[in-house]
Structures are given as C-alpha cells and as structure tokens.
Amino acid sequence: MNTEKLFLASAALLAATPAIALGQADVLPNIPRGTIAVYLNPIATGMAAPLYGISAPGDATRLFVLEQKGQVLIVLNGVLQATPALNIQSRVSPPMVITNANDERGLLGLAFHPGFATPGSPGFRTLYTYNSEPIPTPTSPTYVAPNGATQNYMNVVNEWKMTGDPNVIDPASRREIISFGKNAGNHNGGTIAFGPDGYLYLALGDGGNANDVGASHIEPGGNAQNLSTPLGKMLRFDPLNPALTAGSPDPVSPNGQYRIPVSNPFQGAGQVPETYAYGFRNPYRFSFDLLNGELIMADVGQNTVEEINRVTIGGNFGWAVKEGDFLFNRTTGPGGNAGTVGARSPGIPVGLIDPIVGTLGTLEYDHGDGISVTGGFVYRGSAISELYGKYIFGDLAIRNAPPRVDGRLFYADLDTGLIKEFLLPQFPAGILPNGLTVHGFGQDTAGELYAMTTNTPSSGTGGIIYKIGCAIDFDGDGSADFFDYDAFVVCFEGGACPPGRTADFDGDGTVDFFDYDAFVQAFERGC
C-alpha cells in the first residue's frame, strides 16, 4: 500500500470510529508494581546528563558513558575516570543549548565496530558516534531536510580511532560517514548499534515538531511513511571506509564514505536505499538482544501512547497513521483534533506492525504512566535471575511541567506482553529520589545493566549512573545470603539500616509486616 492510499485508508477509519477526547492519559490500563525488587548502586555521581553506556568488545573492565554535552567518559572497574576519553563539546554546542534540560540534541550514540579488539580487522580500534553539530559553510549534509526547509544543524555519524591507550580516543582521527540536515530541534533518535549481521543500524526521528507536520515534513502523510526521506526510519549500512572492504558486494554510497547493503529492502527509484524499516516517530533507544539478536526498539509517542517494537526488515511500524495500536489524527478532522488518538485498532490498517503483542497484553502504555519512553536492553546478565530475558526500560518522567521529574523504571515480559514497575526499596515510596529523570541505560560485556539519570540540564551536576543489582543483597557486600536477612531484620525492627537502605521494602511509604513478607518472598526466590 503506497503512502497516499494508506493515508486515505486511515482517514476513512478515523472518520468511521468515535474519537477519544483530549486529555487522553488513561486510554490504557495503569502499569502495576511488579514483584521484582532491585537495588540501584550509584557508581558515578556529580555528572551532568549521562544518557548511554556500552562496553567495547572483549573489554570487561570499562563502560564507556556518553554525556549529552559532548563527552565520552569511562567507568573503569566501577570508578568514573576524571579525564574524558573524547571531548567534542565544541562540536555539539552549538547547536545544543546545554542549559536547556529539554534539548534533544547533543552526543547521543556510541558504537564499537565488531572487529574493534581484533588486530588485522578493518574495524580494529574503530568506533562511531552519533551527534548533533553545525553544518559547515558551504557544505551540505548527505541528506538535506525535506521541502528545502531551513537547515539549522545536522545530525552526523562520525568514525574515530582509539589510540594505543585504551582510555583515549584520538580526536584527530574523525571521519564523517553520513549526515542529515534538520530544521526542528527535536526527534533526533539517538542510538547507533551494530547488529549480528555486522552492519551499523541508526534510527532517525520523523524530523521533529509535532504530528509529523511542519516545514520539513512531506505531504501527504508525513516523513515517517515516505520512503524518499531517511527521517522516521531505521537505517542500515556498513560504515567502514570502502577502500578497506574492496571485496564487499555492497555498493559504495554516493558520498564515497560507506557501503549500502544489497539486501536492504528499499532500492527503488527515489527511495532511500539505507532504509531497513520505517514508520517511526522518535526511536530514541533500541538495542539488540545479546542471545537471539532481536532488535527491540522503544518509540517515543506524541501525546498519548508510548510503545515497544520488535523491528524486522522491511516493516512499516505505523507512525503517523497510528500511535501504538491506536489510530492517530495528524490533523484535525472527522476523527478528532490533531495530536489525539482515535479508536484502538490492532492489526488495522493491514500492513502496519503494532507494538509487541504477547499472550496477555501489548507492550504499550499511556501518559498516565509517563511522558516519554526510554528504551533499554533485554537482560542477559547473571546477577538477577528473575530478570533474565526480560526487557528493562523506563520513562523519562511521570510529570511533565515544569520541570520534568520522577522518572520510572520498568521491566517487560516479551512473551506475555505485560509491563510492570520495579520495586525500589531503597527509596521512600519506591520512587527515584530528588526528581531524577531516566535518560538512558547502559550494558556491559557481562550483560549487566545501568540506569542513567539526572535532575539537571547538561550544564549541571545532577547526573547519576546506577548499576542495577539484586535488592536482597541488603548489606551491599555483593552476595545474597543470610547476613542480608539478618541486616533486614535489624533495620525492620528499628535498628540501624545499611547505607542507602530502608525497611519499606514494598515501597508503599510505610514500614509494616507487608514489607517483611515482601523481603522474605524475594529472599526465598533469590536473585
């Protein structure tokens, strides 16, 4: 179905179904608190706005962390290093305004080539960043903003080389791979990651503004449904210098800096050949499951629905025909006001892929439970056996104005389609302290996960990196044993609690026998 036919079909469906009124926070059931409690161990504090963390292949000692303002930092053996591995603040600001906590630009993505640790590989000591930066005069981005709209900056994938020092990225090694002109400051996506096939994946937002409408948005239907622009797409390409991959069957890009997979699904006239899948609004975070290679993406919603998708090649994931599995009103019309959803419409229109559907539910939630989904990772670590195979993610904040505060942490069962909120017994009422918002997640080579939080803009010092650990390790010694039970009982009975701990284990704001029961049940289940 082409864009115009799909647009007309969705308009007909919207006209035929009753609209849901403005103030749509409760179109889906509330996310319940689950039974899994975790302990958040602050391994780095005093940061600004950390938003992503990843380890290099084969490196079990370092977690490379992105500061949105333009720094790549290193957590070495659990300790944040004082000197950045790379500092590109002068590249990202401007256009980024570091004093604005809501600015969506900056240093957003980091990926290490699969051959990073392999001498002789063309990707040896090679890594990539995705960031915002000015457009140098008189150059033009690889892909210009649609409609000839004013280009206020560009988002770009840059290649870098690590020096012989594993803590230092060579600032002089930069090679620009691909870039995208932007008119609006929002909806930039953010993740770059290598898939199991060895190609680099990059998810782009729909161009910004709202409703996939604006100066740089193609009509009819918007950018996300139009295959002539990379905006609103998942892209796939080989970022290595083509001179290093002379035997590849993949053709070299027009700018000569990368290769385009011959197996990409959209190679027709006028189509963007880097496109792997389409129909996304602002796919800020995605990741590949370390076990099975599935691509799981969290796509940030407009006013009503946040969603989690299993991305497959050639798929159309619905925006802006749908938001989640609801019909969406791009413009005001018979279906309702612009920016609202109409009826819930799973599987219709035919050809659009809805959020992940399980045996008991669909992985989506409304704005009664958050305002902007923050994607994470499928847990494949060993510290918390209950979480194995579950998707760990969060939401930026439960409250939007102003400022955005109280981020949330969730886990989702990819088989049942159910989302639940973590128990956080170390914090009063089980809520992240001091209004912290959830900006991103990290994953190390062991599959253990980290939450990236802050309550300040990139000019501040409110950023904290938490390692997600076992909540029944109550004494914090790294193991779950009867010493933890004894420590909890002492705390529960009014004695001294270990640092950062409270006896309110179920997070309901009171200490009672329900907390004792919750701890005992968790202790019996184990980590």
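Relevant structure appears above.
Residues numbered from 1 in each chain as written. Predicted model: local features only at pLDDT ≥ 70, side-chain atom pairs only at ≥ 80, totals over all residues. Heavy atoms only, no water.

K.L.:
Is there a simple way to think about the environment of Ala 412 in this case?
P.N.:
Summarising the element assignment, Ala 412 is placed in strand E24 (residues 408-413). A relative accessible area of 0% places Ala 412 in the buried class. Between the C-alpha atoms of Ala 412 and Val 378, which are 34 residues apart in sequence, the distance is 9.1 Å. When near neighbours in sequence (up to four residues on either side) are disregarded, Ala 412 contacts Leu 363, Lys 390, Tyr 391, Phe 393, Leu 418 and Ile 419. (Helix = DSSP H or I, 4+ residues; strand = E, 2+ residues; numbered from the N terminus. Buried < 20%, exposed > 50% of the residue type's maximum accessible area, 1.4 Å probe, protein only. Contact = heavy atoms within 4.5 Å.)

K.L.:
Help me understand unusual backbone geometry, please; the structure alone is not making it clear to me.
P.N.:
With the exception of glycine, most residues fall at negative phi, and the peptide bonds are largely trans. With omega at 5 degrees, the peptide bond leading from Thr 137 into Pro 138 counts as cis. Secondary-structure assignment places Pro 138 in the loop between strand E8 (126-133) and strand E9 (153-162). Put simply, Ile 348 and Pro 349 share a cis peptide bond, and its omega is 0 degrees. Of note, the phi angle at Asn 77 is positive, near 50 degrees, even though the residue is not glycine. Its location among the elements puts Asn 77 in the loop between strand E4 (71-76) and strand E5 (79-80).

K.L.:
What's the story with the environment of Asn 211 in this structure? I'm lost.
P.N.:
Relative to the helices and strands, Asn 211 is located in the loop between strand E12 (200-203) and strand E13 (233-237). What makes Asn 211 buried here is its relative accessible area of 12%. Once the C-alpha coordinates of Asn 211 and Gln 302 are considered, the two residues, 91 residues apart in sequence, prove to be 7.0 Å apart. The contacts of Asn 211, once residues within four sequence positions are left out, are Gln 302, Trp 319, Ala 320, Phe 328, Arg 330, Ala 338 and Gly 339.

K.L.:
How should I be thinking about helix H3 (residues 482-492) in this particular structure?
P.N.:
Residues separated by three or four positions in an α-helix point in the same direction, a consequence of the helix having 3.6 residues per turn. For H3, the set of buried residues is Asp 484, Ala 487, Phe 488, Val 489, Cys 491 and Phe 492. Residues of H3 that are buried make contact with helix H4 (513-525). Positive phi shows up at Gly 494, right after H3, with a value of about 100 degrees.

K.L.:
Would you explain the pairing of strand E26 (residues 437-443) in this entry?
P.N.:
One face of the sheet, then the other: side chains in a regular strand alternate in exactly this way. Counting buried positions along E26 yields seven of seven residues, so the element is predominantly enclosed. By the bridge criterion, two bridges tie strand E2 (residues 50-54) to E26 in an arrangement that is parallel. If you follow Ile 54 over to E26, its bridge partner there is Gln 443. Alignment of E26 against strand E27 (residues 449-454), held across six bridges, turns out to be antiparallel. Across the sheet, the residue bridging to Gly 442 is Tyr 450, located in E27. (Pairing = 2+ DSSP bridges.)

K.L.:
Honestly, the packing of aromatic side chains in this entry has me stumped. Any pointers?
P.N.:
Here the distance between the centres and the angle between the planes together describe a pair of aromatic rings. For the coordinates displayed, the defined rule picks out 30 aromatic pairs. Between Tyr 201 and Tyr 276, the ring centres sit 5.1 Å apart and the planes meet at 75 degrees, which makes this aromatic pair edge-to-face. A residue pair is termed long-range when its members are at least 10 positions apart, and Tyr 201 in strand E12 and Tyr 276 in strand E14 (residues 275-278) qualify at 75 residues. According to the relative accessible area criterion, Tyr 276 is buried, its value standing at 11%. Between Phe 474 and Phe 488, the aromatic rings sit 5.3 Å apart at their centres with planes inclined by 85 degrees, giving edge-to-face as the arrangement. Of the two residues, Phe 474 sits in the loop between strand E28 (463-470) and H3 while Phe 488 sits in helix H3, which places them 14 residues apart along the sequence. In this arrangement the basic side chain of Arg 281 is found over the ring face of Trp 319, its NZ or CZ atom lying 5.7 Å from the centre. (Phe/Tyr/Trp six-rings, centres within 6.5 Å; stacked < 30°, edge-to-face > 60°. Lys NZ or Arg CZ within 6 Å of the ring centre and 35° of its normal.)

K.L.:
Any chance you could explain the sheet that holds E12 here in plain terms?
P.N.:
Where strands meet in a sheet, backbone hydrogen bonds hold them as pairs that are either parallel or antiparallel. Here we have four strands laid out as an open sheet, ordered E11-E12-E13-E14, and antiparallel in their pairing. Edge strands, defined here as strands with exactly one partner in the open sheet, are strand E11 (192-194) and E14. The mean inter-strand angle of the sheet, taken between neighbouring strand axes irrespective of direction, is 20 degrees. (Axes fitted to C-alpha atoms, helices over the stretch in contact; angles between N-to-C directions.)

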